[in-house]
Amino acid sequence: MDLVILQLDLARQKETVAYIKEYIDFAKANGYNAVLLYLEAAVRVECTPFLSPDTSYTPEEIREIVAYGNSQGIDIIPGLENLAHIENFLCHKQMEFLSECKDAVVDGRGVMPGLGNCVCVSNPEAMAFFDTYYAQVVSLFTSQYVHAGMDEPFDFAVCPRCSERLKNGETKMDLFYDH
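Anyway, here's the lowdown on the structure attached to this text. Remember, predicted model here, so these are calculated numbers, not experimental data. (Residues numbered from 1 in each chain as written. Predicted model: local features only at pLDDT ≥ 70, side-chain atom pairs only at ≥ 80, totals over all residues. Heavy atoms only, no water.)

**What to know about the overall build of the protein**
Consideration 1: When helices and strands are counted, the protein shows seven helices and four strands.
Consideration 2: Along its sequence from the N terminus, the protein presents helices and strands in the succession β-α-β-α-β-α-α-α-β-α-α.
Consideration 3: Oriented by its inertia axes, the alpha-carbon framework of the protein measures out at about 55 × 35 × 25 Å.
Consideration 4: The proportion of buried residues among the 179 residues of the protein is 46%. (Helix = DSSP H or I, 4+ residues; strand = E, 2+ residues; numbered from the N terminus. Buried < 20%, exposed > 50% of the residue type's maximum accessible area, 1.4 Å probe, protein only.)

In structure tokens:
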């Protein structure tokens, strides 16, 4: 079966479950068979209890959305990030260890103030976090698909760990592929 997917960005603004159900109805009425929920850091699971209820969904809300999608014949696909677009994690003290930069204006491209938008791909703790986060979030979905976004890594491979790897002969492409 070909997928015909409509995306809903829930990472910038939390929508109500009722609105998301209306969006699923719209997708069905217009010939789509899947809705990709672009989430970034918008699901509050066991490993992210500190995420705000104002900006994130509970497992129960996600399950309700998925069940509704299934009842309408619409596959609900999670869209997550694990390289860039992690600012909504980095704004929490508990997640600062993920950051590629200590100060993006000094260390990175200066596109975003503070810790930047990118995870350090040389940090094994970061990879362990994303393994856990993905497992917990994806377990709420019934889709066989997951979108793992990795676009716009403005501050990619600029930290001392990554710089050391680059100095030892790896390229940024190597670090990206390894990630």
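**With respect to the state of the cysteines**
Consideration 1: A full pass over the atoms with the stated rule returns zero disulfides.
Consideration 2: Unpaired in terms of disulfides, Cys120 finds its nearest cysteine sulfur in Cys159, a separation of 3.5 Å. (Disulfide = S-S within 2.5 Å.)

**A short note on the environment of Ser139**
Consideration 1: Its location among the elements puts Ser139 in the loop between α5 (124–138) and β4 (147–149).
Consideration 2: Here Gln136 takes part through its backbone oxygen, which lies 2.8 Å from a polar atom of the side chain of Ser139. (Polar contact = N/O pair within 3.5 Å; in protein donor to acceptor, adjacent residues only side chain to side chain.)

**Quick look at the packing of helix α1 (residues 17–29) against helix α2 (residues 59–71)**
Consideration 1: At a minimum axis separation of 10 Å, α1 and α2 run at an interaxial angle of 20 degrees. When the interaxial angle is binned, α1 and α2 end up roughly parallel. Regarding α1 and α2, the two cross each other, and that crossing is right-handed. On α2, the residues that touch Val17, Ile20, Lys21, Ile24 and Asp25 of α1 are Glu61, Glu64, Ile65, Tyr68 and Gly69.
Consideration 2: Residue composition of the contact of α1 with α2, by class: five nonpolar, one polar and four charged. (Axes fitted to C-alpha atoms, helices over the stretch in contact; angles between N-to-C directions. Parallel < 35°, antiparallel > 145°, perpendicular 65-115°, else oblique. Left-handed = near helix turned anticlockwise from the far one by under 90°. Contact = heavy atoms within 4.5 Å. Nonpolar A, V, L, I, M, F, W, Y, C, P; charged D, E, K, R; others polar.)

**A closer look at the nonpolar core**
Consideration 1: If you look at the biggest cluster of nonpolar residues, it comprises 48 residues, and the most contacted ones within it are Val35, Leu37, Ile76, Phe89, Leu98, Tyr133 and Phe141.
Consideration 2: Where this core is concerned, the elements lending two or more residues are β1 (5–9), α1, β2 (34–38), α2, β3 (75–81), α3 (87–90) and α5.
Consideration 3: For this core, the element with the most residues is α5, which contributes six residues.
Consideration 4: Sequence-distant contacts of Ile76, that is, excluding residues within four places in its chain, are made with Ile24, Val35, Leu37, Ile65, Val66, Gly69, Phe141 and Ser143.
Consideration 5: Counting residues in hydrophobic clusters, the runner-up holds five residues, among them Ala11, Leu36, Tyr38 and Ile77. (Core = buried A, V, L, I, M, F, W, Y, C linked by side-chain atoms within 4.5 Å.)

**With respect to the pattern of salt bridges**
Consideration 1: Enumeration according to the criterion identifies nine salt bridges in this entry.
Consideration 2: Note that Arg165 and Glu170 form a salt bridge whose closest N and O atoms lie 3.0 Å from each other.
Consideration 3: Here Arg165 falls in the buried class, since its relative accessible area comes to 18%.
Consideration 4: Owing to a relative accessible area of 30%, Glu170 belongs among the partly exposed residues under this scheme.
Consideration 5: Among the charged side chains, a salt-bridge network with shared partners connects Asp9, Arg12 and Glu40. (Salt bridge = Lys/Arg side-chain N within 4 Å of Asp/Glu carboxyl O.)

**Observations concerning the sheet that holds β2**
Consideration 1: Judged by pairing direction, the sheet is parallel, and its four strands sit side by side in the order β1-β2-β3-β4 without closing on themselves. Either end of the sheet is taken by a strand with one partner, and the two such strands are β1 and β4. The mean inter-strand angle of the sheet, taken between neighbouring strand axes irrespective of direction, is 25 degrees.
Consideration 2: Here β3 pairs with β4 via three bridges, running parallel. Note on β4: the bridge partner recorded for Leu80 is Ala148. (Pairing = 2+ DSSP bridges.)

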